[in-house]
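Examining the three-dimensional arrangement
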Amino acid sequence: MKFSTTVGLGVIAIAALVGVYFGEGYYTEKKEEKAKEASFALYFQTKDILKFSIQNTTGNFTFVRDANDKPWRLVTPLQLSADQDAVNNILASIQQLGIQQELANTEKLLTGDKKQLAQFGLETPNLTISVELKKNQEGKLFIGSSLEIGGKVSGNISPASVYAMNPSKTKLLVIDHGFSESIRNKKLEDFRSKRVSTFAKEDIHSIEITNNGTVISIGKQKNGWELLKPNKWPADGSYVSDYLMRFQGLLAKKIYEKSEINEALLERLNMKNPVAHISFKDSSGKAIDTFDLSITKEGIYTYVKDGSIAKLNLDLWPELVPLEKMFKNRLVMLNVAIDKINKISLASTLAFVKKDNNWYKITSPNQQPSVSETPNQDAFSFFSNWEFMTADDLILKPSESELVQFGMTKPLKVFSFEFGATEKLQPIKIIVGNRVPKNEKNVYLKRSDSPIVYIVDAGWLSLLAQLYSVGDPSNASVKKQME
């Protein structure tokens, strides 16, 4: 036998074996698919479904999506964004709906004889499911009444089951009643999206909040967010980001559809006189999303873009319409990084200096820390807390009388931060004033390089007192006052 003939026969043999292998795999796969199809009331893969509908006791609801990775839309009875979790959960429940039993001698009933179907509640089904399958085919499932033990059809069937009919199958089915009970009476508000906002966080370049005539304006600048009105001030970027995310994640507790809205409802919800107006704008100043908020003792109300009205939790008001101070950057050590500080002077005989990134106590201006000395952990704690200390409130332009009232002219204590020669920064003196009247949890604080008075947590004083405790006895009275 020639070599070429031998090779040819070998190739044919290998091809045959491959054909057998893949052929068996194909038929095994088809067999498994048939078994699955026989096990489920309506067989499909959820990823293949781009359209399905539910007809229940309250109406007909149709859901569509452009691709399996795109969001669901409600197209009937209204064109609305759908609740993605609700729709995906329902579709998954339909796909997982198993057959408990196929009823014997029911083949002829599938022709649709309503008189005979009446005994199963299928002449006018309680629930109809329609799923658009591949190749524009439609799968349908009709769900009827529940079974009773000792009914007309015998069989070992749980009473917590219902009759169902799939026209593509040969017999009537029995399925678990849990699915039909869960969606039989669902309404439009159960399927539509409860999300109030539609904007993307990265598209927002300015925010404007109007509340009882007061305007708060925040804009995105090259160096971050800035408060523009009523006072110019660096904004707290983290808070602004959280504020945008708060609106992005805002969900309505209840939706009043356009068909429900009338003069009486608008009056009851106080929608004719909104208390606050919030506008989110893009880089050109065009409004992307706006909210007119009204408030009653039952909740907060605002229009959604589709014209419906959303009811929000009353407790959200301070988060949706915050005070100006919440947007301000309230870092006490504003624009001064902690790694630039190399000395803190508490008194002429007490200071802490940084050496090799550790802090050491010194008791005279020219003293250098000893190499054998242990680094001071109290100083480290103080600096760590100081770097991230924020004010509860700010007084931007205090008057002379207010400075006296706050204890700035006769301070409890003055200490200073000093910087390395390479930083070319002047020392910053920190003036510790009085405790805030009727509020022992706060104290007034001021920096020498700014007219602003900060109101800070008085607990910070205890950290400062720890530093005095390692000083000389002459600081004992100051320490006692600060504690």
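1. Looking at the overall build of the chain
Regarding its fold elements, the chain presents 13 helices and 26 strands. Per-residue burial for the chain yields a buried fraction of 40% across its 483 residues. Within the chain, counting contacts between residues at least 6 apart in sequence, those at least 24 apart form 56% of the total. Looking at the chain as shown, the accessible area adds up to about 26800 Å², and 50% of this sits on carbon and sulfur atoms.

2. A closer look at the sheet that holds strand β10 (residues 206-211)
One open sheet accounts for nine strands, arranged β13-β12-β11-β10-β15-β16-β17-β18-β14; its pairing is antiparallel. Two strands close off the open sheet at either side, each with one partner strand: β13 (233-234) and β14 (254-256). Where β10 and strand β15 (residues 276-281) come together, six bridges link them in antiparallel fashion. By the bridge assignment, Asn211 is partnered in β15 with Ala276. Sheet contacts for helix α6 (residues 237-248): β10, β11 (214-221), β12 (224-229), β15 and β16 (287-295); angle to β15, the most-contacted strand, approximately 105 degrees.

3. Observations regarding the environment of Trp359
Its place among the elements puts Trp359 in strand β21 (residues 358-362). The exposure class assigned to Trp359 is buried, which follows from its relative accessible area of 6%. In contact with Trp359, not counting residues within four places along its chain, are Ile341, Asn342, Lys343, Phe352, Val353, Lys354, Pro375, Asn376, Ala379, Phe380 and Phe383.

4. Observations concerning the pattern of salt bridges
Two side chains with opposite charge may pair up if their charged atoms get near one another. Under the criterion given, the structure shown has 12 salt bridges. Lys47 is the partner of Asp48 in a salt bridge, and the nearest nitrogen-oxygen pair spans 3.3 Å. Among the salt bridges present, the one from Glu263 reaches Lys272, with a minimum N-O distance of 2.6 Å. According to the relative accessible area criterion, Glu263 is exposed, its value standing at 52%. Under the relative-accessibility criterion, Lys272 is labelled partly exposed at 44%. When salt bridges with common partners are traced through the structure, they connect Arg192, Glu257 and Asp306 into a single cluster.

5. A few points about the packing of aromatic side chains
Counted according to the given criterion, the structure contains 17 aromatic pairs. With 5.1 Å between their ring centres and 90 degrees between their planes, Tyr239 and Phe327 make a pair best called edge-to-face. Remark: Phe327 occurs in helix α9 (residues 324-327) and Tyr239 occurs in helix α6; sequence separation between them is 88 residues. Here Phe327 falls in the buried class, since its relative accessible area comes to 0%. Taken together, the ring pairs connect Phe199, Tyr239, Tyr243, Phe247, Phe280, Phe291 and Phe327 into an aromatic cluster. The cationic tip of Arg246 hangs over the ring face of Tyr239; the distance from NZ or CZ to the ring centre is 5.8 Å. When the ring centre of Tyr256 is taken as origin, the NZ or CZ atom of Lys254, which lies over that ring, is 4.9 Å away.

6. Focus: the sheet that holds strand β23 (residues 413-419)
The strand order across the open sheet built from eight strands is β21-β20-β19-β23-β24-β25-β26-β22, with neighbouring strands paired in antiparallel fashion. Looking at the sheet topology across the chains shown, the edges are occupied by β21 and β22 (393-395). This sheet shows a mean twist of 25 degrees between the axes of neighbouring strands, independent of strand direction. Contacts between helix α10 (residues 377-387) and the sheet are confined to β19 (341-347), β20 (350-355), β21, β23, β24 (428-436) and β25 (439-447), with β23 contributing the most and set at about 85 degrees to the helix.

7. What about the pairing of β25?
Each regular strand shows side chains that alternate between the opposite faces of the sheet. In this structure, β24 lies alongside β25, joined through five bridges in antiparallel fashion. Of the residues in β25, the one forming a bridge with Ile430 is Arg447. Turn length for the β24-β25 hairpin, with the two strands adjacent in sequence and antiparallel, is two residues, and the turn residue Lys438 shows positive phi of about 60 degrees. One ladder, built from five bridges, connects β25 with strand β26 (residues 453-457); its direction is antiparallel. Of the residues in β26, the one forming a bridge with Tyr444 is Ile455. What sits between β25 and β26 in their antiparallel hairpin is a turn of five residues.

8. A word on the pairing of β19
Counting buried positions along β19 gives five out of seven residues, so the element sits mostly inside the fold. Across four bridges, β19 lies against β23 in antiparallel orientation. Counted as the bridge partner of Ile344 is Phe417 from β23. Bridge count for β19 against β20 is four bridges, and the pairing is antiparallel. Looking across to β20, one finds that Lys343 is bridged to Val353. Linking β19 to β20, which pair antiparallel, is a turn of two residues.

9. Quick word on the layout of surface pockets
Looking at the second largest pocket, its volume works out to about 250 Å³. As for the second largest pocket, its lining consists of 14 residues, and the residues nearest its centre are Ala82, Asp83, Gln84, Ser193 and Arg195. For the lining of the second largest pocket, a count of residues per class yields four nonpolar, three polar and seven charged.

10. A look at the confidence of the model for the chain
Confidence along the chain averages 85 in pLDDT terms, with 87% of residues attaining 70 or more. Mean pLDDT in the chain bottoms out at helix α13 (residues 476-482), which sits at 49, and peaks at β15, which reaches 97. Ignoring residues within four places in sequence, the model shows residues 149-155, a span with pLDDT below 50, making seven contacts including any to other chains.

11. Quick word on the packing of α10 against helix α12 (residues 459-469)
At their nearest, the axes of α10 and α12 sit 9 Å apart, and the two run at 150 degrees to each other. Classified by the angle between their axes, α10 and α12 sit roughly antiparallel to one another. Remark: the crossing between α10 and α12 carries left-handed chirality. Contact with α10, carried on its side by Asp378, Ala379, Phe382, Asn385 and Trp386, involves Trp460, Leu463, Leu464, Gln466 and Leu467 of α12 and no other residues of that element.

The rules we used
- Residues numbered from 1 in each chain as written.
- Predicted model: local features only at pLDDT ≥ 70, side-chain atom pairs only at ≥ 80, totals over all residues.
- Heavy atoms only, no water.
- Helix = DSSP H or I, 4+ residues; strand = E, 2+ residues; numbered from the N terminus.
- Buried < 20%, exposed > 50% of the residue type's maximum accessible area, 1.4 Å probe, protein only.
- Contact = heavy atoms within 4.5 Å.
- Areas by Shrake-Rupley, 256 points an atom, 1.4 Å probe, with all protein chains shown as cover.
- Pairing = 2+ DSSP bridges.
- Axes fitted to C-alpha atoms, helices over the stretch in contact; angles between N-to-C directions.
- Salt bridge = Lys/Arg side-chain N within 4 Å of Asp/Glu carboxyl O.
- Phe/Tyr/Trp six-rings, centres within 6.5 Å; stacked < 30°, edge-to-face > 60°.
- Lys NZ or Arg CZ within 6 Å of the ring centre and 35° of its normal.
- 1 Å grid on protein atoms, 1.4 Å probe; cavity = no way out; pocket = protein on both sides within 12 Å on 5 of 7 lines; lining within 4 Å.
- Points joined across faces, edges and corners; volume = space filled by probe spheres on them.
- Nonpolar A, V, L, I, M, F, W, Y, C, P; charged D, E, K, R; others polar.
- pLDDT = per-residue confidence, 0-100.
- Parallel < 35°, antiparallel > 145°, perpendicular 65-115°, else oblique.
- Left-handed = near helix turned anticlockwise from the far one by under 90°.

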